[in-house]
Amino acid sequence: MSEIALRNVCKQFDSEHYGVKDFNLDIHDKEFVIFVGPSGCGKSTTLRIIAGLEEITDGELWIDGELSNYLEPKERGMSMVFQNYALYPNMTVYGNMAYALKIRKLPKDEIDRKVHEVAKILEIEQLLDRRPAALSGGQKQRVAIGSAIIRKPKVFLMDEPLSNLDAKLRAQMRVELVKLHKQLDTTIIYVTHDQTEAMTLGTKIVVMKDGLIQQVGAPQSIYDNPVNLFVAGFLGSPSMNFFRCTVKAEENNRTALLLDDAKTVKKVYLDGTRGKQIADRYNGRHVILGIRPEDIYELDEAKKLGIENDSVDVDEPVVNREMLGAEVILYFDEQGKTLAVRLSPENQTQVGEKVSLYFDMEKAHVFDPETEENIFVP
Amino acid sequence: MGNNSKSKITPYLYLVPCMLIFGIFLFYPFLKTIYLSLYKTNKMGQAKLYVGLGNYKELLQSASFINSLKVTLIFVLIVVVGGMLFGLIAAVLCNKAFPGIRVFSTSYALPMAIASSSAAMIFQIMLHPAVGIVNKLTGLDINWLNDPNTALICVAILTAWLNSGINFLYFSAGLGNIDETIYERASVDGASSVQQFFSLTLPGLSPIMFYTLVVNIIQAFQSFGQIKILTEGGPNESTNVIVYSIYRDAFFNYRFGSAAAQSVILFVIIMIITLIMFRIEKKGVNY
């Protein structure tokens, strides 16, 4: 049982620099919470505040209903996996894993049983006699996780534990971590700058930027309904495409969005209540249209979806084509930026060809250019 | 062919300056010492009468020399343990960031920059039985440097303090090499600072600790200046360490043969201790 609550938590490094600003969050028992954001956004600082490694300048940290601002790290009942693993270089793998238990003066045979039990789960039994210097990155990482889970902490903190691994191992460890979360049945707070990790691992994602929380929610809900330009652009790979547009209310309750700086007229329509909402507030003004690469189609598929009217003729031909096996990504230059389109692998469009693209406007987002907020998300 | 023989000689030519200096100041005196230790000499230090191992036999039967050995061992023990402890404690204290840390760091490293003779002069005044600050502060009335019970300890503590400066530097460098995050992990794991010191800091320092130990032992055996100034081997030979005894035999008593034999014995002692320590290091310090 572990409930963590952060109330207006601030971390100030000096009079002008904030690591974390006015941070409010409730973490419930057995959640897998991900702090995600670009480097320097305060995600690691927040994790270290929860661990007790960083003092809180202002605000309150509650652990299980107890004000814990001034609790020593060892009194918080948490364990942590560090980015560089922080293995004790003078101890063997066995010694590393047993350290936290030895300090608690557990009987030797019990320590021995637990170490072997955890080593078995993580498949590192054959490494128990080695020292960290003789381990590979992936093995070190397993030992670090093993040392953390061995004493069944209330909360499990992880600071970018996969960032030093190669892509294949990382994908493998992601699966293992999800499995581990189910097995351990405990709260995990996980810091990463990698949006794929955030999307695949978390039950709750906290997107951060410049020390401020941007959005909190389930991965799918944040992906589908990003509250602002930053969140929309940060989650998803390739990231969402943005276009500056001018709103024009037309007949039949249709609202047109005209792409700015276009050589020819490029127009897409928003219908129904969404269209009306935009037309009422922004008619004649600029907005930013956001559409994900997978919500843009070529003619054949657009016909199937019945969206063949929302076409945009791109000015420039395809500049790059990435064949990823299960999908093809085409890149165009539009409004001086790269426009990415994700298509099915059967698509044969080659570099240098010009095509018409069809936007699935049901899935499009519209952002206010000044506040950068998503107009459709309250 | 000329080219070939030239390229064979060239490497040796590069070694000449170094070998010349070593030869004049190290190898020649060393061999000469061994040579002299087998002779009785005249007052000019010239070998006159071959006595074989006679000088050594005499030394090992002399109560004064046995006392010298004992005094030296006690002295080395106090100096090495004290000097390393001072340095280690200071380095650990200065490993935390707080305002004014540089002032402390500099003062802990300062003994390194003080000549042993000037430090000895300062100690002489501090330990003066009538006007010295030590007696004034403690309210005691001890003639520190003239009492056979305290003289050796005083000289040894002074030497330990002098050596602590360089030890502080070594240990500071060693502490800087220990990864900060293992302490963070240890504190989350639940280790107290004392537990962290013994399970992480000390093992982390072990490679540099070994090096420092070897250097300190050798240095301690060779201490001379402060003894010459403070006690001149007295009172009652209580501070007559081997190096001072060598100096006295050679330059007061003009018994160069005996002094040379003592030098050789000192060399053998230091060599054996160093070899033993390197042997132990191969087993002990490893990660």
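The structure this text deals with has already been given above.
Read on for a plain summary of the structure.

Thresholds applied
Residues numbered from 1 in each chain as written. Chains lettered and ligands numbered in written order. Predicted model: local features only at pLDDT ≥ 70, side-chain atom pairs only at ≥ 80, totals over all residues. Heavy atoms only, no water. Buried < 20%, exposed > 50% of the residue type's maximum accessible area, 1.4 Å probe, protein only. Helix = DSSP H or I, 4+ residues; strand = E, 2+ residues; numbered from the N terminus. Contact = heavy atoms within 4.5 Å. Salt bridge = Lys/Arg side-chain N within 4 Å of Asp/Glu carboxyl O. Buried area = accessible area lost by both parts, 1.4 Å probe. Polar contact = N/O pair within 3.5 Å; in protein donor to acceptor, adjacent residues only side chain to side chain. Axes fitted to C-alpha atoms, helices over the stretch in contact; angles between N-to-C directions. Parallel < 35°, antiparallel > 145°, perpendicular 65-115°, else oblique. Nonpolar A, V, L, I, M, F, W, Y, C, P; charged D, E, K, R; others polar. Pairing = 2+ DSSP bridges. 1 Å grid on protein atoms, 1.4 Å probe; cavity = no way out; pocket = protein on both sides within 12 Å on 5 of 7 lines; lining within 4 Å. Points joined across faces, edges and corners; volume = space filled by probe spheres on them. Core = buried A, V, L, I, M, F, W, Y, C linked by side-chain atoms within 4.5 Å.

1. Here we look at helix α2 (residues 93-103) of chain A
Counting buried positions along α2(A) gives 9 out of 11 residues, so the element sits mostly inside the fold. When α2(A) is considered as a whole, its buried residues turn out to be Val93(A), Gly95(A), Asn96(A), Met97(A), Ala98(A), Tyr99(A), Ala100(A), Leu101(A) and Ile103(A). Each element contacted by the buried residues of α2(A) is listed here: α3 (108-121) and α4 (137-149) of chain A together with α8 (180-189) and α9 (193-221) of chain B. Once α2(A) finishes, Lys105(A) follows within two positions and takes phi at roughly 60°, a positive value.

2. With respect to the pattern of salt bridges
The final tally for this structure, using the stated rule, is 22 salt bridges over all chains. Lys267(A) is the salt-bridge partner of Glu250(A), the closest N and O atoms lying 2.8 Å from each other. Of this pair, Glu250(A) sits in the loop between β11 (241-249) and β12 (255-259) while Lys267(A) sits in strand β13 (residues 267-270), and the two are 17 residues apart along the sequence. Of the residues examined, Glu250(A) reaches a relative accessible area of 24% and is grouped as partly exposed. One network of salt bridges, in which partners are shared, links Lys11(A), Arg48(A), Glu54(A) and Glu184(B).

3. A look at the interface of chain B and chain A
With 19 residues of chain B in contact, the opposing surface of chain A contributes 24 residues. With both sides pooled, the region where chain B packs onto chain A buries about 1,900 Å², and carbon together with sulfur makes up 55% of that total. One can count 2 salt bridges joining chain B with chain A. A salt bridge links Glu184(B) to Arg48(A); the shortest N-O distance between them is 2.5 Å. Our enumeration of links across chain B and chain A arrives at 13 residue pairs in polar contact (both at pLDDT 80 or more). Listed by contribution, the elements that provide at least two residues to the side of chain B that touches chain A are α8 and α9 of chain B.

4. As for the packing of helix α4 (residues 101-109) of chain B against helix α7 (residues 151-176) of chain B
Residue and element names in this part refer to chain B. Orientation of α4 relative to α7, taken along the N-to-C sense of each, is 130°, at an axis distance of 7 Å. When the interaxial angle is binned, α4 and α7 end up oblique. Taking contact as the criterion, the partners of Ser-105, Tyr-108 and Ala-109 in α4 are, on α7, Gly-165, Phe-168 and Leu-169. Tallied by class, residues from the contact of α4 with α7 come to 4 nonpolar, 2 polar and no charged.

5. Here we look at the sheet that holds strand β18 (residues 328-334) of chain A
Residues and elements named next belong to chain A. As summarised here, the arrangement of the 3 strands in space is β17-β18-β19, forming an open sheet in which the pairing is antiparallel. Here the strands that pair on one side only, and so sit at the sheet edges, are β17 (320-323) and β19 (337-343). The sheet shows a mean angle of 20° between the axes of neighbouring strands, direction not considered. Of the strand pairs in this sheet, β18 and β19 are connected by 7 bridges, and their pairing is antiparallel. Note that in β19 the partner of Tyr-331 across the bridge is Ala-340.

6. Looking at helix α11 (residues 242-251) of chain B
Counting buried positions along α11(B) gives 7 out of 10 residues, so the element sits mostly inside the fold. Regarding α11(B), the residues found buried are Ile242(B), Val243(B), Tyr244(B), Ser245(B), Ile246(B), Asp249(B) and Ala250(B).

7. Digging into empty space enclosed by the protein
Empty space left among the atoms is revealed by rolling a probe the size of a water molecule over them. Scanning all chains against the criterion turns up 1 cavity of 30 Å³ or more. The volume enclosed by the largest cavity comes to roughly 50 Å³. Around the largest cavity, the lining residues are Ser79(A), Met80(A), Val81(A), Tyr85(A), Ala144(A), Ser147(A), Ala148(A), Arg185(B) and Asp189(B). Listed by contribution, the elements that provide at least two residues to the lining of the largest cavity are β6 (78-81) and α4 of chain A together with α8 of chain B. Here the residues of the lining of the largest cavity are counted per class, giving 5 nonpolar, 2 polar and 2 charged.

8. Examining the layout of surface pockets
All names here are of chain B. What the largest pocket holds in volume is close to 720 Å³. For the lining of the largest pocket, the secondary-structure elements that each account for two or more residues are α3 (63-93), α8 and α9. Residue composition of the lining of the largest pocket, by class: 8 nonpolar, 6 polar and 5 charged. In this structure, the second largest pocket spans a volume of roughly 510 Å³. Phe-30, Thr-33, Gln-222, Ser-263 and Phe-267 are, among the 17 residues lining the second largest pocket, the residues nearest its centre. Only α1 (2-36), α11 and α12 (256-284) provide two or more residues apiece to the lining of the second largest pocket. If one sorts the elements of the lining of the second largest pocket by residue count, α1 sits on top with 6 residues.

9. Quick word on the nonpolar core
Residues and elements named next belong to chain A. By size, the foremost hydrophobic cluster in this structure holds 85 residues, and its most contacted members are Ile-4, Leu-6, Phe-23, Phe-35, Ile-50, Leu-157 and Ile-189. Ignoring any residue separated from it by four or fewer positions in sequence, one finds Ile-4 in contact with Leu-25, Asp-26, Ile-27, Ile-50, Leu-61, Trp-62, Met-78, Val-155 and Ile-189. Ranked by size, the runner-up nonpolar core spans 44 residues in total, among them Ile-111, Leu-122, Met-158 and Ile-205.

10. Observations regarding the environment of Met78(A)
Its place among the elements puts Met78(A) in strand β6. A sequence separation of 70 residues divides Met78(A) from Ala148(A), and the C-alpha atoms of the two residues are 8.6 Å apart. For Met78(A), the residues in contact, after removing those within four places along its chain, are Ile4(A), Ile50(A), Ala51(A), Ile63(A), Arg151(A), Pro153(A), Val155(A), Leu157(A) and Val188(B).

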